[in-house]
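# Structural characterization, general
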Amino acid sequence: MKQYKRFLMMWDQTFSQILLGLVLLITVILLGLASPFFMTWDNWRNILDQSALQVIIAVGMTFVICTGGIDLSVGSITALSGVCMAVAMHAGVSVEMAVFLGIIAGAIVGMGNGLLISRLNLNPFIVTLGTMAVVRGVALIITKGIPIYGFPREFTWLGNGHIGPLNPPMLMAVFIALLGALVLNQTKLGNYTLALGGNEEALRRSGVAHKLYKLIIYTICGITAAMGGMVVTARLNTAEPLAGSMFELDAIAAVVLGGTDMKGGRGSITGTVMACLLLGVLRNGLTILSIPSYYQQLAIGIIILVAIIISELRLKNAPGHGNTIYLGG
Amino acid sequence: MSQSIEPAIKIVHMSKSFGNIEALRDVSLEIYSGEILAIVGDNGAGKSTLIKILAGALTSDEGQIIIGDKSYNFLSPGRAISLGISTVYQDLALVDCRDVASNIFLGREPVYAGFLVDRRKMQKEAARILEGLQINIPSLSTQVGLLSGGQRQGVAVARAVYQGGKVIIFDEPTAAMGLQESAKVIKLLLKLREEGMAVIVISHNLNQVFEISDRICVMCHGQVVAICKTKESLPNQIVGLIMGATVKEAYNAAGVYSDEAI
């Protein structure tokens, strides 16, 4: 019996990634058989391009969810940072400076979320639900609801330029994912991110500035969302105040699908990246097979539900989640 | 037992209320290096509140903590640890989903290259600490939540020892343990005393208290009702005091009277 449970736990740690890898592989093979167009580089470039944006935002979200929190405002931050960059560039600010300002805007919103959540001990869901609306409102007020378009080429290059066979968003996504994995697995910040989700009180009693770390994590999520905003704006050459709606749900879905525990304490950037790819491949595949987009929405929703069900069943056997099984004693 | 004259920690006129419940009323206490001080009392007597204030997990309303020649109105957990007060909490304060080494080093992870956590060093050090304490844990990469009660306790103790304080506080150290495991913990407490640390133990187990402690502090309704030398006390007296009898009543009932009691 003990052996069986121990096996279940070993299974648990790599479960999501193995399962995700298999599903991804099977999906790719099936789609490749179903459509000759699927396996072309042009199509894959398209998939990677779409997934890149999602990876950038989902990495920040992974950190937040690892603390047991959630950030619903990332979609709105995407819009706000794009709008800030656009306004700055139209005011004659240099591209670098405009990008910097846009990302600072995202960081400030993230910091605001973090302050409210850590200092006032408010519920992350409610706080970020509020900032989601506030930030969207600000983006609409700044633009008066009208999209801003037409930017210098150096800026649009960030969204649709070419670096060999790849483009800047893909490289950004790779960089952010690698950096995120390094931070989550190898640094104090990463350790404390997981400890915050596992047992915040234990972290506090160990003398760690737990509120500061929480603040940093929400700020990181704001920054990655702002980088997402930069990519969207540059790609479309338009800053759209309504851009990025539902991005938060896509990001949360990818994080959960990637095996990060919604209750915190456990998470993986690798899983998040794989989930982003899987969602990207599925969307693309359904489009190629000319399945109407309503069904796409349905299919992706069902996949996310299945992922959550699997993850919950798994967690019943994981330590620190109510139904704890103590081995060996 | 070698008691130094200067106390390792002094608590002076400490009070703490939760709403209109007075958890601590004007508590004063001295703890010396090289002794085991047992704090006993019924549920709700204020024992845990007292040690949580010492550990910095709670802040007192009134009173000071005096360490050396410095006086503090309150401590934060980080400050308490850096002043040499380590605590093994009743709930152990472990992060269940993290491995053994991460828990032992929680808050003071060794780093290399400025910011990368040195996991190999953590594993090595953790193994060394656990071995020194004779705590058997099969694998250091096991999640703490999967360990037995005694092993979990071992991890919490190892963390407190690693923090390397002068004062170490145990809140119910053997409550969740079997006979063998509690014998180990008791051995550990005695060893820590030998090393010259001040050890504070909260316990409901009077046999154990009499077995290991040098002094017994009895608390009742948020007050210290007596501090007695273990050698000069009888279990019946202590039980009487815990139940709320006055010092005189308790000692008369037991047939002796000691001047040591306050």
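Up top is the structure.
Residues numbered from 1 in each chain as written. Chains lettered and ligands numbered in written order. Predicted model: local features only at pLDDT ≥ 70, side-chain atom pairs only at ≥ 80, totals over all residues. Heavy atoms only, no water.

### Quick notes on the overall build of chain B
For chain B, the count of helices and strands is nine helices and 12 strands. Over its C-alpha trace chain B gives a radius of gyration of 19 Å, about what one expects of a compact globule, namely 18 Å for 262 residues. Over its C-alpha atoms, taken along the principal directions, chain B stretches across nearly 65 × 40 × 35 Å. Long-range pairs, those at least 24 residues apart, make up 62% of the contacts in chain B between residues at least 6 apart in sequence. Of note, chain B has its 25 positive side-chain charges centred 7 Å away from the centre of its 27 negative side-chain charges. (Helix = DSSP H or I, 4+ residues; strand = E, 2+ residues; numbered from the N terminus. Rg over C-alpha atoms; globule rule 2.2 N^0.38 Å. Contact = heavy atoms within 4.5 Å. Lys, Arg positive; Asp, Glu negative; His and termini not counted. Charge placed at Lys NZ, Arg CZ, Asp CG, Glu CD.)

### Brief notes about the interface of chain B and chain A
Interfaces are often sized by the accessible area lost when the parts come together. Between chain B and chain A, the contact holds 31 residues from the first and 30 residues from the second. Buried surface at the junction of chain B and chain A, both sides included, amounts to about 2,600 Å², of which 54% is carbon and sulfur. Where chain B packs against chain A, one counts one salt bridge. Taking the shortest distance from any N to any O, the salt bridge between Arg205(A) and Asp91(B) comes out at 3.1 Å. Inspection of the chain B/chain A interface yields nine residue pairs in polar contact (both at pLDDT 80 or more). Of all the secondary structure elements, the ones that give two or more residues to the side of chain B that touches chain A are helix H2 (77-82), strand S8 (116-117) and helix H5 (149-162) of chain B. For the side of chain B that touches chain A, a count of residues per class yields 15 nonpolar, seven polar and nine charged. (Buried area = accessible area lost by both parts, 1.4 Å probe. Salt bridge = Lys/Arg side-chain N within 4 Å of Asp/Glu carboxyl O. Polar contact = N/O pair within 3.5 Å; in protein donor to acceptor, adjacent residues only side chain to side chain. Nonpolar A, V, L, I, M, F, W, Y, C, P; charged D, E, K, R; others polar.)

### Quick word on helix H3 (residues 74-90) of chain A
All names here are of chain A. Taking 1.5 Å per residue, 17 residues should reach 24 Å; H3 reaches 24 Å between its end C-alpha atoms and fits that length. Within H3, 14 of the 17 residues are buried, which leaves it mostly tucked inside the rest of the structure. Once H3 finishes, Gly-92 follows within two positions and takes phi at roughly 95°, a positive value. (Expected span 1.5 Å × (residues − 1). Buried < 20%, exposed > 50% of the residue type's maximum accessible area, 1.4 Å probe, protein only.)

### Comments concerning the packing of helix H7 (residues 168-186) of chain A against helix H8 (residues 188-205) of chain A
Residues and elements named next belong to chain A. For the pair H7 and H8, the least separation of the axes is 5 Å and the interaxial angle reads 70°. Of the possible angle classes, the one that applies to H7 and H8 is roughly perpendicular. Where H7 abuts H8, its residues Val-183, Leu-184 and Gln-186 lie against Lys-188, Leu-189, Gly-190, Asn-191, Thr-193 and Leu-194. A class-by-class count of the residues in the contact of H7 with H8 yields four nonpolar, four polar and one charged. (Axes fitted to C-alpha atoms, helices over the stretch in contact; angles between N-to-C directions. Parallel < 35°, antiparallel > 145°, perpendicular 65-115°, else oblique.)

### Focus: the pairing of strand S2 (residues 21-31) of chain B
All names here are of chain B. One ladder, built from seven bridges, connects strand S1 (residues 9-18) with S2; its direction is antiparallel. The partner of Ile-11 across the bridge, within S2, is Leu-29. As consecutive antiparallel partners, S1 and S2 are separated by two residues, and within that stretch Gly-19 has a phi angle of approximately 60°, a positive value. (Pairing = 2+ DSSP bridges.)

### With respect to the side chain of Ser206(A)
Along the chain, Ser206(A) falls in the loop between H8 and helix H9 (210-236). Within polar-contact distance, the side chain of Ser206(A) engages the backbone oxygen of Ala202(A) at 2.9 Å.

### Concerning the packing of H3(A) against helix H5 (residues 124-143) of chain A
Residues and elements named next belong to chain A. Interhelical geometry of H3 versus H5 gives an angle of 25° and a closest axis separation of 8 Å. Considering the angle they form, H3 stands roughly parallel to H5. Crossing of H3 against H5: the hand is left-handed. Along the contact surface, H3 presents Gly-75, Ser-76, Ile-77, Ala-79, Leu-80, Val-83 and Val-87, while H5 presents Met-132, Val-135, Arg-136, Val-138, Ala-139, Ile-142 and Thr-143. Residue composition of the contact of H3 with H5, by class: 10 nonpolar, three polar and one charged. (Left-handed = near helix turned anticlockwise from the far one by under 90°.)

### Things to note about the environment of Val273(A)
All names here are of chain A. For Val-273, the position within the fold is in helix H11 (residues 269-288). Distance from Val-273 to Phe-247, taken between C-alpha atoms, is 15 Å for residues 26 residues apart in sequence. Leaving out residues up to four positions away in the same chain, Val-273 has contacts with Val-55 and Ala-177.

### Some words on helix H1 (residues 47-55) of chain B
All names here are of chain B. For H1, the tally of buried residues reaches seven of nine residues, placing the bulk of the element in the interior. Within the span of H1, buried status applies to Lys-47, Thr-49, Leu-50, Ile-51, Ile-53, Leu-54 and Ala-55. Just past H1, the residue Gly-56 takes up positive phi, approximately 85°.

### Let's talk about the packing of aromatic side chains
All names here are of chain A. If you walk through the whole model with that rule in mind, you get four aromatic pairs over all chains. On the basis of an interplanar angle of 65° and a centroid distance of 5.7 Å, the ring pair of Phe-38 and Trp-44 is categorised as edge-to-face. With a relative accessible area of 0%, Phe-38 lands in the buried category. Taking the relative accessible area as the measure of exposure, Trp-44 reaches 19% and is therefore buried. (Phe/Tyr/Trp six-rings, centres within 6.5 Å; stacked < 30°, edge-to-face > 60°.)

### So, the sheet that holds S1(B)
All names here are of chain B. Here we have four strands laid out as an open sheet, ordered S2-S1-S4-S5, and antiparallel in their pairing. The open sheet is flanked by S2 and strand S5 (70-72), the only strands paired with a single partner. Going across the sheet, the axis of each strand differs from the next one's by a mean of 20°, ignoring polarity. In the sheet, S1 pairs with strand S4 (residues 62-67) via four bridges, with the strands oriented antiparallel. Bridge pairing links Ser-15 to Glu-62 in S4.

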